[in-house]
Amino acid sequence: MTVDSETGTRGRTRKAILDAAIRVLAADPSASLGQIADAADVGRTTLHRYYPDRAELLTAVMQEAGRRLGDAAVRARLDEGTGLDAILRACQTLLQLGDLLTLMFTEVVSIDTCGLEHGFSQSLDDACARGLADGTLDTRLSPGWLQGVLWSSLYLGWSELREGTSPPHDVVGQLLLTVRKALAAPAA
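The name given to the protein in an unreviewed UniProt entry is AcrR family transcriptional regulator, and the organism recorded there is Cellulomonas humilata.

A word on the confidence of the model for the protein
The predicted model of the protein averages 89 in pLDDT, with 92% of residues at 70 or higher. Ignoring residues within four places in sequence, the model shows residues 1-5, a span with pLDDT below 50, making one contact including any to other chains.

What about the packing of aromatic side chains?
Counting across every chain of the model gives four aromatic pairs. The interplanar angle of 40° and the centroid separation of 6.5 Å between the aromatic rings of Tyr 50 and Tyr 51 together place this pair among those described as tilted. Summarising the burial analysis for this pair, Tyr 50 and Tyr 51 share the class buried. Each ring, one from Phe 120 and one from Trp 151, has its centre 6.4 Å from the other, and the planes form 65°; the classification is edge-to-face.

Thoughts on the UniProt feature "DNA-binding region" (unreviewed entry) in the protein
In the UniProt entry, the feature "DNA-binding region" (unreviewed entry) is given for residues 32-51. For the annotated span residues 32-51, helix accounts for 75% and strand for 0% of the residues, and the straight-line distance between the end C-alpha atoms is 13 Å.

Here we look at the packing of helix α5 (residues 83-95) against helix α10 (residues 168-183)
One way to put it is that α5 packs onto α10 with a least axis distance of 10 Å and a crossing angle of 150°. The orientation of α5 with respect to α10, classified from their angle, is roughly antiparallel. The handedness of the crossing between α5 and α10 comes out as right-handed. Contacts between α5 and α10 pair Leu 84, Ile 87, Leu 88, Cys 91, Gln 92 and Leu 95 from the former with Val 171, Val 172, Leu 175, Leu 176, Val 179, Arg 180 and Leu 183 from the latter. Here the residues of the contact of α5 with α10 are counted per class, giving 11 nonpolar, one polar and one charged.

Things to note about the layout of surface pockets
When its volume is computed, the largest pocket comes out at roughly 170 Å³. As for the largest pocket, its lining consists of Ser 152, Ser 153, Leu 156, Gly 157, Glu 160, Ser 166, Val 171, Gln 174, Leu 175 and Thr 178. Contributions of two or more residues to the lining of the largest pocket are made by α9 (143-163) and α10. Here the lining of the largest pocket gets five residues from one element, more than from any other, and that element is α9. Residue composition of the lining of the largest pocket, grouped by class: three nonpolar, six polar and one charged.

Looking at the side chain of Thr 136
With respect to the secondary-structure elements, Thr 136 resides in the loop between α8 (120-134) and α9. A distance of 2.6 Å separates polar atoms of two side chains, one belonging to Thr 136 and the other to Asp 134. Filtering out sequence-adjacent residues up to four positions away, Thr 136 remains in contact with Thr 82, Gly 83, Leu 84, Gly 131, Leu 183, Ala 184 and Ala 185.

Re the packing of α9 against α10
Running from amino to carboxyl end, α9 crosses α10 at an angle of 165°, the nearest separation of the two axes being 10 Å. When the axes of α9 and α10 are compared, the pair comes out roughly antiparallel. In this structure, α9 meets α10 at a crossing whose hand is right-handed. From α9, Leu 146, Val 149, Ser 153, Leu 154, Gly 157, Glu 160 and Leu 161 reach across to α10, where they touch Pro 168, Val 171, Leu 175, Thr 178, Val 179, Ala 182 and Leu 183. Of the residues in the contact of α9 with α10, the class split is 10 nonpolar, three polar and one charged.

Brief notes about the state of the cysteines
Taken as a whole and assessed by the stated rule, the structure comprises zero disulfides. In this model Cys 91 remains outside any disulfide bridge; the closest cysteine sulfur is found in Cys 128, 10 Å from its own.

What counts, and at which threshold
Residues numbered from 1 in each chain as written. Predicted model: local features only at pLDDT ≥ 70, side-chain atom pairs only at ≥ 80, totals over all residues. Heavy atoms only, no water. pLDDT = per-residue confidence, 0-100. Contact = heavy atoms within 4.5 Å. Phe/Tyr/Trp six-rings, centres within 6.5 Å; stacked < 30°, edge-to-face > 60°. Buried < 20%, exposed > 50% of the residue type's maximum accessible area, 1.4 Å probe, protein only. UniProt positions renumbered as here; feature names shortened; annotations may be inferred. Helix = DSSP H or I, 4+ residues; strand = E, 2+ residues; numbered from the N terminus. Axes fitted to C-alpha atoms, helices over the stretch in contact; angles between N-to-C directions. Parallel < 35°, antiparallel > 145°, perpendicular 65-115°, else oblique. Left-handed = near helix turned anticlockwise from the far one by under 90°. Nonpolar A, V, L, I, M, F, W, Y, C, P; charged D, E, K, R; others polar. 1 Å grid on protein atoms, 1.4 Å probe; cavity = no way out; pocket = protein on both sides within 12 Å on 5 of 7 lines; lining within 4 Å. Points joined across faces, edges and corners; volume = space filled by probe spheres on them. Polar contact = N/O pair within 3.5 Å; in protein donor to acceptor, adjacent residues only side chain to side chain. Disulfide = S-S within 2.5 Å.

Structure below.
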């Protein structure tokens, strides 16, 4: 076996464990490492080889969350266009994080910790500041309030998707409508 194929296998196993951890912990934050290993379709010994204890696995999940938030910031192009447009793109992109949102909403993963490392929090702060300066966001709202509305609306959207109570295209449309109406500057 070459080093590259071993690295590839190790990488796939690590990804399977992290994906399973995100999925399982979103459903049950107190899930055991054994449950996570089962969901990843690996043995406990294999899981412990990668993550010797729960704390190391949670640290890896936090790092993965940061990486995915960083990728979301890039895909949302938070540094482009008006502040409102950037925030609306962020809503669509963040909704795609799936179970990772549950971990953030239940504070298994802290957005302040993982988002700072990869620039997501700063990019979102900058988009809000830009929107207040360019007149697309309502200046009667503070930057913290703007983001609170975004995250609250995102929570509702993700809850609808997770429960399957509305079709995905309806959820996205309602999310964008809600955020636009709540945050946009009043018409002159």
